[in-house]
Amino acid sequence: MKSHRHAPASSNGPSDGINGVGGWRPRILAALAEREPQSLDDLIARLGLARLAQQEALARELVAMVRAGKLRHDRRGRYLLPEITAVNVSPAEPSPPAARDEAADRASAGGGKAGGGEIRGVVTAHRDGYGFVAADDGGPDVFLPEREMRGVLHGDRLQVRVTGTDARGRREGALIAIASRGTERVVGRLRDEGGAALLVPSNPRLPEVRVPNRGLGGARPGQVVVAELEARPNLRAQPSGRIVEILGDHLAPGMEIEAAIRANDLPHRFPAAAEREAAAFGDRVTRAQLRDREDLRQLPLLTVDGADAKDFDDAVAARRTRGGWTLWVAIADVSAYVTPDSPLDVEAQKRGTSVYFPETVIPMLPEVLSNGLCSLKPQIDRLCMVCEMRVGRDGQVTRSRFYPAVMRSHARMIYEDVAAALEDPRRSALAKRHPDLVAPLQALDEVFAALFAARTQRGAIDFDSSETRIVFGPDRKIDKIVAVARTRAHRLIEECMIAANVEAARLVARHKIAAPYRVHQAPDAEKVVLLREFLAARGFQLGGGDGPDAADFARALAAVAGHEEAGVIQNVMLRSLMQARYSADNVGHFGLALSHYAHFTSPIRRYPDLLLHRAIRHLLAGGKPRGFAYSHQQMQALCEHASMTERRADDAVRDVIGWLKCEYMQQHVGETFEGLVTGVAGFGVFVELAELYVDGMIHISRLGGDYWEYDARRHRLVGRARGATIGLGQRMRVRVVRVSLDERKIDLEPAAGMDEPGDARAVQSRKPGRRRRK
């Protein structure tokens, strides 16, 4: 590798312009030259950016171009060209999209002979040494062979030259420069390797880190530590670093959470100023705080949550009226305590969301607020923001209003008890404890039935999600993993919350005030094509032509209900959809089939909900959009940050659950289980152990004496010699071979050898060219 490829690290990211064929700026300018003004979401759709990381990179580039005077905003925050500047793509700037596509076509036709310009993006490293750069411009990922990854770490932002295509038809590249570093600290377990200290990272995409004796800081082998990198990897040496924090022994209870917090850079200690501010509010609502609030303390508002919940955001009540019902959704009024730019607000914005690990929470707000003063505990006065709705018998909300109030929850209930009470109102345990609340619950159930019928009528997608719960024994060791049933009570609360979220979104949209919307865009066209092929191979169809809507997905889901592969098919359909995110531009919610949607109902644990409450409070006080504390551009930046913190939290929770499941499976090495194939890749198949709700992988090398080819379109492996197939939804009996805590890996093998008679349980055999009947 030539030395010029190792440019000094920079924090500029994409804002300093991306030169090369895949650059942002000429594409943005060309898009605006065709039509202006355009919002961020308009540009995302026009440029065909499917990945959330690419969408966020575009947003950063737009902000940088406005700052540099290359673009300007209108009053609604949409982007326009400068008034005195004409669009001109000079020879020094990147080629327009058409030229890029032609270059890519030439490279593909030439069998990898031609290059495809330069791109910039974030690299995902593989444990085997190679990596893939997710192109910011929305183009296909660029494969980097191991020789190009020396000196690069997972998460680095790279500038890469596309050199052609490899033997598998993938775009291949060569490293030009590392634009910015994605990893400065590494979390992992310290190991003694022949007298030398090595840190084995918790993230298997990162390489081992050498720790010289002078950098050990008293750490011992077997401990989980945090190392700060002092030297990056290069052609001759692995990275090295020094220990800056010792978390404790590898198998100590709770260590998996401590490691995940550091590995994902989660804020977890509240600043003293924020703690002092929270404590100063006391633990009771004061008389002065009741001024200008409606009094709902006599209304039978109920909180319904999981058995282990401690932060109660919401309460609901309903009453029959002529022609329908009145529905009240009361939400903790966090905005009465957490004001813009206060120490509490700064920390809440930084965290973005509460993080819910098994039996442990990192709250967005200090517990004196999240579990105390803001939590809607029973029989205690609490401040709330209310959405009061008139719901017709057809499930349509005909009128709504928002107002601050004081409330007193009449009972704290759990989902399972409410579901039992709705099933048998007279004999349920809840009815015996709260006989006066049975009628209010029945009124809520009637509203739910109407709202859910309206949801079905408009064609919202309703995935039958399956969740699990980890049950711990002594010393925080997993005793078992159990399925969690989704009851009618879960759906009831969900529909009430959705109704309030919709009305909140409509309110801020009507007044054109800057606010965070929860948006979900239509699926990528390429993924729709692949999904159709997958469904067709199983005898099902997805309607809607080139642009299926939510109702088309809903009809397909209804068609597969009851099928033996229904769960697997549903997962494939779910993965074909875009990821929901926050945006200051309302583009609707595809999955829910809604034109307006926002998050209003959880300000204790989600920062966008708090922002939405502030917008509503500003309107209720008679404020104008122009006088609100946030501009459209500021709100968009906050939305992007909130989307990032949401993904960060999901990654951390996934890390912890993966670690716990691996620890649990160590006692099952050598045992056999019935399994279901839930994923297929070129290197093997993923199998869920049905009795344990744990996933493992069978590497292709363990599949027996055949040459297996990966059929990506049909999600299966095909044996070239015998025509046997292993695909999604097939059942296999497997043996647990190996469990690695460091790698978060559970290795499996077929319980019967692939050449033995028992392999009929593991694979489907077919004659070439013939399809299995349904």
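Above: the structure in question.
The rules behind each value
- Residues numbered from 1 in each chain as written.
- Predicted model: local features only at pLDDT ≥ 70, side-chain atom pairs only at ≥ 80, totals over all residues.
- Heavy atoms only, no water.
- Salt bridge = Lys/Arg side-chain N within 4 Å of Asp/Glu carboxyl O.
- Helix = DSSP H or I, 4+ residues; strand = E, 2+ residues; numbered from the N terminus.
- Buried < 20%, exposed > 50% of the residue type's maximum accessible area, 1.4 Å probe, protein only.
- Pairing = 2+ DSSP bridges.
- Axes fitted to C-alpha atoms, helices over the stretch in contact; angles between N-to-C directions.
- Expected span 1.5 Å × (residues − 1).
- Core = buried A, V, L, I, M, F, W, Y, C linked by side-chain atoms within 4.5 Å.
- Contact = heavy atoms within 4.5 Å.
- Parallel < 35°, antiparallel > 145°, perpendicular 65-115°, else oblique.
- Nonpolar A, V, L, I, M, F, W, Y, C, P; charged D, E, K, R; others polar.
- Arc of directions from axis to C-beta.

(A) Molecular detail of the pattern of salt bridges. Taken as a whole and judged by the stated rule, the model has 54 salt bridges. In this structure, Arg 214 engages Glu 230 in a salt bridge whose closest nitrogen and oxygen atoms are separated by 3.5 Å. Of the two residues, Arg 214 is situated in the loop between β10 (209-211) and β11 (223-231) and Glu 230 in strand β11; the sequence distance between them amounts to 16 residues. Judged by its relative accessible area of 68%, Arg 214 is exposed. On the basis of relative accessible area, Glu 230 is assigned to the partly exposed category, the value being 41%.

(B) Molecular detail of the sheet that holds strand β33 (residues 745-750). Pairing in this closed barrel of five strands is mixed, and the strands run β26-β27-β28-β33-β32 around the ring. Pairs of neighbouring strands in the sheet enclose a mean axial angle of 50°, with direction left out of account. In this structure, strand β28 (residues 694-699) lies alongside β33, joined through two bridges in parallel fashion. Directly across from Ile 698, in β33, lies its bridge partner Leu 748.

(C) Focus on helix α17 (residues 607-620). Its 14 residues place the ends of α17 20 Å apart at the C-alpha level, agreeing with the 20 Å of an ideal helix rising 1.5 Å per residue. Most of α17 sits inside the fold, with 12 of its 14 residues counted as buried. Within α17, burial applies to Tyr 607, Pro 608, Asp 609, Leu 610, Leu 611, Leu 612, His 613, Arg 614, Ala 615, Ile 616, His 618 and Leu 619. At the C-terminal side of α17, Gly 622 shows a positive phi close to 85°.

(D) Broad picture of the sheet that holds strand β7 (residues 171-180). Around the barrel, five strands lie side by side as β3-β4-β5-β7-β6; this closed barrel has mixed pairing. Neighbour to neighbour, the strand axes of the sheet diverge by 50° on average, direction disregarded.

(E) Here's a closer look at the nonpolar core. Ranked by internal contacts, the top residues of the largest apolar core, which has 92 residues, are Leu 327 and Phe 600. Here the element with the most residues in this core is helix α13 (residues 488-511); it accounts for 11 residues. With residues near it in sequence (within four places) discarded, Phe 600 still touches Ile 331, Met 385, Cys 387, Phe 402, Ala 500, Asn 501, Ala 504, Asp 609, Leu 612, His 613 and Ile 616. Among the nonpolar cores identified, the runner-up in size contains 62 residues, and Phe 540, Ala 652, Phe 673 and Ala 724 belong to it.

(F) Structural detail: the packing of helix α8 (residues 343-351) against helix α18 (residues 632-665). Look at α8 against α18: their axes get within 8 Å of each other, and the N-to-C directions meet at 60°. Here α18 runs oblique to α8, going by the angle between their axes. Together, Gln 349, Lys 350 and Arg 351 of α8 and Leu 638, His 641, Thr 645 and Arg 648 of α18 make up the contact between the two elements. Residues of the contact of α8 with α18, tallied by class, amount to one nonpolar, three polar and three charged.

(G) Geometry of helix α7 (residues 272-279). Along α7, the positions that sit buried rather than exposed are Ala 274, Glu 277 and Ala 278. Each buried residue of α7 sits inside an arc of 95° when the element is viewed along its axis, so together they form one side. Structural note: α7 exposes Arg 276 and Ala 279 on the side pointing more than 90 degrees away from its buried face. Looking at the buried side of α7, the elements it contacts are α8 and α9 (367-373).

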